[in-house]
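Fold and contact review
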Amino acid sequence: IAQALDDFCTNERITRSTLYTYWRAWKQAPEHEKLNGLLSRAHHNRGRSLAMTEQMRCLVVTRYCREEQPFAQHIYEELSDYCQTTGTYCPSISTVRREIERVPPSVLCLSREGADAYKRKFGPVTRRDLNSLPVDAWWCIDHRQFDLLVYEDDRHEKMFRPWLTAIMDLRSRHFVGWHIGQIPNSTSIAQALYSAICQETDEDRVRGFLPRNLYMDDGKDYRSAYLHGKTWKWQDLGRVEASEEVKGVLHHLGITPVHALPYSPQSKPIEPNFRWIPFREERNLPGWTGNSEQRRPAKLSGEILRQELLTLPGLISQFPAWLSDHHTHEHSGIGCTPLDARAAAGVQPVE
């Protein structure tokens, strides 16, 4: 019998004492729970490190959750000094790393990166139902810098990364106006707004689309006197009756300006659409810089030496084709293309 038990344990890769443990659990279980008695029972210390005391665990977590953002090696060295001082056994650095991995990511973000980063990554977000809006009721305008180096003109003397100022209809996700220039300011906003409102027809007549509301950033260039007039400086004085001469262009057009929350890029619905315009197209052009120093392509230096970069007028001439391609692709947020969304609404230009 002993030889048969040894052969069985060898085949099952268990010891004889483990087999006896299974046998006792099976015998002690009630008749209707014989098989359940063979299930492994969790130890009362399951999930807890026996190599670290509660004091060590608190030291590791509190030292790691600092704005200085120390490495795990630094925490292990501090723990070694603590254990040497108290005369206790020091856990390994692998145990320290496992304890650090148990800290929730939201706690690490708040303690190491600050409240702004926590709000951006883990803060509550309210989703807007943009599909319930009428077409051309709400427009959103914002700036975005190209990840692309271009020349100012054909002389190839000055290089820079241009800026795009774009206006998007929130219901149809259609880009109704845009402007590309060297710097974003109130002038680029005015030119993008002009391209969105005024469009030349075959009869050389200017026909316009006017939104009811313009949703914009909270930056200084969006609070300029051109858009709001001089009345913006009097907002803290209460209701002030101003003449028509000191009111901005938005007032004269009958457009209500609405500003987004400061330092909250997620509050502007146009931001996600910048992933496709011009992120998707500019990667295929000479002069693409990547969105960070670490992701800068190796071919960039050679393209600069060979003067293969585009000029600003060349980039501007290619941009309408990018928009046309975007407007004819189905948008996941509306279930159709932006052109179909505008056509279904029967948008008619306003004289």
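Just so we're clear, the structure is a prediction, and the values are computed from it rather than from any experiment.

What counts and what doesn't
Residues numbered from 1 in each chain as written. Predicted model: local features only at pLDDT ≥ 70, side-chain atom pairs only at ≥ 80, totals over all residues. Heavy atoms only, no water. Helix = DSSP H or I, 4+ residues; strand = E, 2+ residues; numbered from the N terminus. Buried < 20%, exposed > 50% of the residue type's maximum accessible area, 1.4 Å probe, protein only. Contact = heavy atoms within 4.5 Å. Salt bridge = Lys/Arg side-chain N within 4 Å of Asp/Glu carboxyl O. Patch = residues over 30% accessible without salt bridge, like charges linked within 9 Å, V, L, I, M, F, W, Y side chains within 5 Å. Areas by Shrake-Rupley, 256 points an atom, 1.4 Å probe, with all protein chains shown as cover. Disulfide = S-S within 2.5 Å. Axes fitted to C-alpha atoms, helices over the stretch in contact; angles between N-to-C directions. Parallel < 35°, antiparallel > 145°, perpendicular 65-115°, else oblique. Left-handed = near helix turned anticlockwise from the far one by under 90°. Nonpolar A, V, L, I, M, F, W, Y, C, P; charged D, E, K, R; others polar. Lys, Arg positive; Asp, Glu negative; His and termini not counted.

It is worth spelling out the side chain of H326 at this point. In this structure, H326 sits in helix α13 (residues 312-327). Owing to a relative accessible area of 7%, H326 belongs among the buried residues under this scheme. Leaving out residues up to four positions away in the same chain, H326 has contacts with R173, F175, N273, I277, H331 and P338.

Once that is clear, we can look at the pattern of salt bridges. Enumeration according to the criterion identifies 20 salt bridges in this entry. The partner of E99 in a salt bridge is R102, with the nearest N and O atoms 2.8 Å apart. Given the relative accessible area of 6%, E99 is considered buried. Assessed through its relative accessible area of 43%, R102 is described here as partly exposed. Note that K268 is salt-bridged to D142, the shortest N-O span being 3.3 Å. Here K268, found in the loop between β9 (256-259) and α11 (279-282), pairs with D142, found in strand β1 (residues 138-145); they are 126 residues apart in sequence, far enough to count as distant. On the accessibility criterion, K268 (7% relative accessible area) is buried. One network of salt bridges, in which partners are shared, links E54, R57, E99 and R102.

Another point: a nonpolar patch on the surface. Together, Y22, W23, W26, L35 and L38 make up an exposed nonpolar region whose accessible area comes to about 540 Å². Here L38 shows up in the loop between α2 (16-28) and α3 (54-64). For L38, a relative accessible area of 39% puts it in the partly exposed group.

A separate point is the state of the cysteines. Evaluated as defined, the whole model comprises zero disulfides. Here C83 stays unpaired: no disulfide links it, and the sulfur of C90, its closest cysteine neighbor, is 4.2 Å away. Take C83: its relative accessible area is 2%, and that puts it in the buried class.

Right, let's get into the packing of α3 against helix α5 (residues 93-101). One way to put it is that α3 packs onto α5 with a least axis distance of 10 Å and a crossing angle of 65°. When the axes of α3 and α5 are compared, the pair comes out roughly perpendicular. Every pair of crossing elements has a handedness; the one defined by α3 and α5 is right-handed. Only V96, E99 and I100 of α5 make contact with α3, whose side of the interface consists of R57, V60 and Y64. Grouping the amino acids of the contact of α3 with α5 by side-chain chemistry returns four nonpolar, no polar and two charged.

All of the buried residues in helix α6 (residues 105-113) are L108, C109, S111 and R112. Buried residues along α6 sit against α3 and α7 (115-122).

Mapped onto the fold, R112 is located in helix α6. Despite being buried, R112 has no salt bridge partner; E113 is the closest side chain of opposite charge, sitting 6.4 Å away. The contacts of R112, once residues within four sequence positions are left out, are Y64, C65, R66, E67, Q69 and P70.

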